[in-house]
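Coordinate inspection notes
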Protein chains: 2
Amino acid sequence: MRKIHYCVAMSLDGYIAGPNGEYDWIIDDPEIDMAADFARFDAALVGRKTFEMMVRENRTEVPGLDVIVFSRTLRQSDYPNVTIVAEKQKEMIEALRKKPGKEILIWGGELFRSLLEDGLVGILDIGVIPVLLGGGIPLLPTRAAQKRIELISHKIYKSGIVGLQYAVK
Amino acid sequence: MRKIHYCVAMSLDGYIAGPNGEYDWIIDDPEIDMAADFARFDAALVGRKTFEMMVRENRTEVPGLDVIVFSRTLRQSDYPNVTIVAEKQKEMIEALRKKPGKEILIWGGELFRSLLEDGLVGILDIGVIPVLLGGGIPLLPTRAAQKRIELISHKIYKSGIVGLQYAVK
């Protein structure tokens, strides 16, 4: 079965974006090989809000990735380059995991929470940025259920970024 | 000058206690030598709420540590074993830092935020526990100011706890 990963940069105090969605605190670290990281995946599961941001920024097509968007309101005919899934999200994802292929990404904090609750998230890949934001969008929208996780690997970058990979139990 | 440390266990999603103050998610790790960690310090700066919890639990006397409590309402005569500081908190701490001695601890999240804003916190010692709490008391009460921090050391424990030490800039 293919694994579903949530990969995200986070401040030490647990925020994935600033209070107004700011990303300017995320260090651009040349030691992190984004292309190699990306090559492990061939599909991205995208939440509705995140997809609308991708539409605004005109980056709905992602080379090498099947983009699968969960939304009850968006119309497939408006977005021919992606797959819109309106219902049976869990069944669709379980079927996708059984198909041969690479690993699968999640884009979007609300979708992450929903898939975590459904037991579908396999791996958390967190890049802890050396900053305290003091407020913003939390890793996990409150209040979510408590989950034990297991540290499976780590990497310390020269920039001070701490890469932590956890398996979700 | 002596350094002021904030040492705390934190869930991966940035909480230092559960929604009702729970600590049961913190792993008791025999690999962590609490006594040796403690021996680096000879004074603790304590917030009022944290001190009231210490009073309830009858543990206001801490061998080897001068306990200094910041409160405008508590009376010194009621707590002869500790030092109550009612005003000029910053000046008192700056004077304390100049005296010879070991490093200084902070106990209490609100006091941490206040001292961080005053530029008095030198070191953050975070033990990242492998759990997602999904809600609770955040590392830093929102909304605090953004602060750059610098990773100065790390230790990975067999239990999956990630010890991260940062200098505050």
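Just above, that's the structure.
Below or above, wherever it landed, is the structure these notes cover. Model, not experiment: these values are computed from the prediction. (Residues numbered from 1 in each chain as written. Chains lettered and ligands numbered in written order. Predicted model: local features only at pLDDT ≥ 70, side-chain atom pairs only at ≥ 80, totals over all residues.)

Notes on the interface of chain B and chain A
Listed by partner, the interface residues are 31 residues for chain B and 31 residues for chain A. Of all the elements in the fold, those that place two or more residues in the side of chain B that touches chain A are β8 (131-132), β10 (147-156) and β11 (162-168) of chain B. Sorting elements by how many residues they give to the side of chain B that touches chain A places β10(B) first, with 7 residues. Tallied by class, residues from the side of chain B that touches chain A come to 19 nonpolar, 7 polar and 5 charged. (Contact = placed C-beta atoms within 7 Å. Helix = DSSP H or I, 4+ residues; strand = E, 2+ residues; numbered from the N terminus. Nonpolar A, V, L, I, M, F, W, Y, C, P; charged D, E, K, R; others polar.)

Notes on the pairing of strand β3 (residues 41-46) of chain B
Residue and element names in this part refer to chain B. With respect to burial, β3 is a largely interior element, 5 of its 6 residues being buried. Two strands pair when backbone bridges link them, and β3 and strand β6 (residues 103-107) are joined in this way by 5 bridges, in the parallel orientation. What sits directly across from A44, in β6, is L105. Bridge analysis of β3 against strand β4 (residues 66-70) gives 4 bridges, and the strand direction is parallel. Pairing of A44 across the sheet is with V67, part of β4. Chirality of the crossover, the property in question, places the unit of β3, helix α2 (residues 48-56) and β4 among those that are right-handed. (Buried ≥ 20, exposed ≤ 12 C-beta atoms within 10 Å, placed from the backbone. Pairing = 2+ DSSP bridges. Right-handed = clockwise from strand over helix to strand, strands pointing away.)

Brief notes about the sheet that holds strand β8 (residues 131-132) of chain A
The strand order across the open sheet built from 9 strands is β8(A)-β10(B)-β11(B)-β7(B)-β1(B)-β6(B)-β3(B)-β4(B)-β5(B), with neighbouring strands paired in mixed fashion. The sheet is open, and its two edges are formed by β8 of chain A together with β5 (83-85) of chain B, each paired on a single side. Of the strands in this sheet, β3, β4 and β6 of chain B touch α2(B), which is tilted by about 125° from β4(B). Contacting β1 (4-11), β3, β4, β6, β10 and β11 of chain B, helix α4 (residues 109-117) of chain B crosses the sheet at an angle of about 125° to β6(B). (Axes fitted to C-alpha atoms, helices over the stretch in contact; angles between N-to-C directions.)

Some details on the relation of the copies chain B and chain A
The second copy of the chain is related to the first by a rotation about an axis and a shift along the axis. For the pair chain B and chain A, the best superposition has an RMSD of 0.0 Å and corresponds to a rotation of 180° with a translation of 0.0 Å parallel to the axis. In the structure described here, the two chain copies are related by an operation that fits a two-fold rotation axis. For chain B, the residue whose C-alpha comes nearest the rotation axis is G14(B), separated from it by 2.2 Å. In this assembly the copies share their binding face: 100% of the residues contributing to the interface of chain B also contribute to that of chain A. (Least-squares fit on C-alpha atoms with pLDDT ≥ 70 in both.)

Concerning the sheet that holds strand β7 (residues 123-129) of chain A
The 9 strands lie next to each other as β5(A)-β4(A)-β3(A)-β6(A)-β1(A)-β7(A)-β11(A)-β10(A)-β8(B), forming an open sheet whose pairing is mixed. The open sheet has two free edges, formed respectively by β5 (83-85) of chain A together with β8 of chain B, since each of these has just one partner strand. Relative to strand β11 (residues 162-168) of chain A, strand β10 (residues 147-156) of chain A runs antiparallel, the two being bridged by 7 bridges. Along β11(A), the bridge assignment pairs E150(A) with A167(A). Along the sheet face, helix α2 (residues 48-56) of chain A touches β3 (41-46), β4 (66-70) and β6 (103-107) of chain A and points at about 125° away from the line of β4(A).

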